[in-house]
Number of protein chains: 2
Amino acid sequence: MLMSELAARAGVPVPTVKYYLREKVLMPGRATSATRAEYDETHIRRIALIKALSALGVSMTRIKVIVGLIDTADGPLLELIAAATWALPPVTEAAPDSGASTGNPRAASILATLGLTLPTEAPPVAQLEQALADAEAAGMPITDERFRIYTEHVTAIAAYEIENMPLDSASAAIEYSVLGTILYEPIIAALRRIAHAELSFRRLTAEAD
Amino acid sequence: MLMSELAARAGVPVPTVKYYLREKVLMPGRATSATRAEYDETHIRRIALIKALSALGVSMTRIKVIVGLIDTADGPLLELIAAATWALPPVTEAAPDSGASTGNPRAASILATLGLTLPTEAPPVAQLEQALADAEAAGMPITDERFRIYTEHVTAIAAYEIENMPLDSASAAIEYSVLGTILYEPIIAALRRIAHAELSFRRLTAEAD
């Protein structure tokens, strides 16, 4: 298809397609003349990926890193997935005064208790440290019991997600990991808020009886 | 204690204390002279609440709503909790072109399947709709099986949280609900990202054998 049809089918204006080409996050089409190129389904899928990431607040700089890893897919898959997902925005903005410190001691001690082998400098570990420090600073430190329950159920969710990761190509695995992390995180958060409303209603109705 | 001691113990500069007083999110101290007032532990706790909410990106306008509900605690507790938690920022920013529409049809049909009674216009339902629409637009719509697994484990987490809600005062219940929602959400998200890294490692190591 030509660029105009690509733009229409992907749901973006033609200048946006040109911008993605210029930024090299969209691969060039197959040139059919000096001024024309043919695009296919892979281009539509790529535009959907870029649109999804930008809509969720991922900067063009980070999108370039992610797309570069998908396109070159060079190196051990595990490292490519780690690099791509760690280029996503953190789960929460760092609050400079919240008491998180280097070495991520709170998170590291928890990972050790759980027998996890992730390096303590990995971005999600730093994000856990930050979140634990924020809870502590607000006078609501997390108890061991609460942490155990969170870990149990979050691990069950993650196990399902990783079992369903497509391994037919490195690019597919990286794309699934990146999109699955960032698209399903708000679904899980919204479901939790819905469950809170529903369960508060049940508990407060029961107490009132 | 005097204002200078309050500021020191709460870990904020004196002008910040004055700003919170002016915005009426911090309750006035007990006047001991025309220019002096005594503050106590409730003021320290309130500053911790305001600091936690602002560090997590909650605007002063929203903080005023939340604090107003905690201070007046007027009306049925369930409605106060709903109003306070629904004043929190959404789980994800709305993307204008993501195809979410009025009436929240995707989320509403899911709530109906689950037998949930929350009104379909409630903010967390709109947020779920948005997140489902984003996933669909990115070509990764959520399957029924995935949704069932998410719901099962998220409900288990929420059940623990609601069982542990303090009911000794309406203010305590509202404060726990607001802080619990916003402080523990990033802990859950960070744990999920950690579990992904760990479980990808295990799956890819196993496949390589």
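For the structure itself, look to the data block above.
Let me begin by describing the structure that accompanies this report. (Residues numbered from 1 in each chain as written. Chains lettered and ligands numbered in written order. Predicted model: local features only at pLDDT ≥ 70, side-chain atom pairs only at ≥ 80, totals over all residues. Heavy atoms only, no water.)

With respect to the relation of the copies chain B and chain A
What counts here: We superpose the copies by least squares over the C-alpha atoms of residues that have a pLDDT of at least 70 in both of them. Only heavy atoms enter the contact rule, under which two residues are in contact if any of them lie within 4.5 Å.
Structural alignment of chain B on chain A gives an RMSD of 0.0 Å, achieved by rotating through 180° and translating 0.0 Å along the axis. This pairing of chains is accounted for by a two-fold axis. Judged by C-alpha distance, H153 of chain B is the residue of chain B that lies nearest the rotation axis, at 2.6 Å. Both copies contact each other with a shared surface, as 100% of the interface residues of chain B are interface residues in chain A too.

Looking at the side chain of H196 of chain B
Operational definition: Helix and strand definitions here come from DSSP, where helices need a minimum of 4 consecutive H or I residues and strands a minimum of 2 consecutive E residues; each element is numbered from the N-terminal end. Relative accessibility under 20% of the residue-type maximum defines a buried residue, over 50% an exposed one, and the middle range a partly exposed one, all with a 1.4 Å probe and only protein chains included. The term polar contact refers here to a pair of N or O atoms within 3.5 Å; inside protein, the definition further demands a hydrogen-donor-capable atom paired with an acceptor-capable atom, and it admits residues adjacent in sequence only when both atoms are side-chain atoms.
By the secondary structure assignment, H196 of chain B is in helix α9 (residues 170-208). Take H196 of chain B: its relative accessible area is 11%, and that puts it in the buried class. A distance of 2.6 Å separates polar atoms of two side chains, one belonging to H196 of chain B and the other to E161 of chain A. Other than its neighbours up to four places away in sequence, H196 of chain B contacts A158, E161, I162 and T181 of chain A.

Let's talk about the interface of chain B and chain A
Often, the extent of an interface is quoted as the loss of accessible area upon association of its parts. Let me state the cut-off plainly: In this description, buried area is defined as the sum, over both parts, of the accessible area (probe of 1.4 Å) that is lost when the two are combined. Salt bridges are defined as contacts in which a side-chain nitrogen from Lys or Arg sits within 4 Å of a carboxyl oxygen from Asp or Glu. Classes in brief: Ala, Val, Leu, Ile, Met, Phe, Trp, Tyr, Cys and Pro nonpolar; Asp, Glu, Lys and Arg charged; the others, Gly included, polar.
Taken together, the contacts link 83 residues of chain B with 83 residues of chain A. Carbon and sulfur atoms make up 71% of the surface buried where chain B meets chain A, a total of about 7,800 Å² over both sides. For R146 of chain B, the salt bridge is made with E161 of chain A, and the minimal N-O distance between the two is 3.8 Å. In this assembly, chain B and chain A are joined by 31 residue pairs in polar contact (both at pLDDT 80 or more). For the side of chain B that touches chain A, the elements supplying multiple residues, two or more each, are α3 (41-55), α5 (77-86), α7 (123-137), α8 (144-163) and α9 of chain B. Among the residues making up the side of chain B that touches chain A, the classes are represented as 55 nonpolar, 13 polar and 15 charged.

A closer look at the layout of surface pockets
Applicable threshold: Two kinds of site are reported from a 1 Å grid over the protein atoms alone, namely cavities, where a 1.4 Å probe fits but cannot get out, and pockets, open sets with protein on both sides within 12 Å along at least five of seven lines, and residues are called lining when an atom falls within 4 Å of a point. Grid points are joined across faces, edges and corners, and a volume is the space filled by probe spheres set on the points.
Here the largest pocket is characterised by a volume of approximately 890 Å³. Lining the largest pocket are 30 residues, and of these P90, V91 and T92 of chain A together with P90 and V91 of chain B sit closest to its centre. Elements with a contribution of two residues or more to the lining of the largest pocket: α9 (170-208) of chain A together with α9 of chain B. A breakdown of the residues in the lining of the largest pocket according to their chemical character gives 18 nonpolar, four polar and eight charged.

Some details on empty space enclosed by the protein
Across all of its chains, the model carries one cavity of 30 Å³ or more by this definition. Roughly 30 Å³ of internal volume is contained in the largest cavity. Every residue lining the largest cavity is listed: R193 of chain A together with T85, W86, L88, P123, P124 and Q127 of chain B. Broken down by secondary-structure element, the contributors of at least two residues to the lining of the largest cavity are α5 and α7 of chain B. Sorting elements by how many residues they give to the lining of the largest cavity places α7 of chain B first, with three residues. The class makeup of the residues in the lining of the largest cavity is four nonpolar, two polar and one charged.

Structural notes on the pattern of salt bridges
Here the structure, examined in full by the defined rule, presents 20 salt bridges over all chains. The partner of R9 of chain A in a salt bridge is E41 of chain A, with the nearest N and O atoms 3.2 Å apart. Here E41 of chain A lies in helix α3 (residues 41-55) and R9 of chain A lies in helix α1 (residues 3-10), a separation of 32 residues in the sequence. Taking the relative accessible area as the measure of exposure, R9 of chain A reaches 45% and is therefore partly exposed. The shortest N-O distance in the salt bridge between E161 of chain A and R192 of chain B comes to 2.7 Å. In this pair, E161 of chain A is assigned in helix α8 (residues 144-163) and R192 of chain B in helix α9, connecting two distinct chains. The exposure class of E161 of chain A is buried, given its relative accessible area of 3%. With a relative accessible area of 3%, R192 of chain B lands in the buried category.

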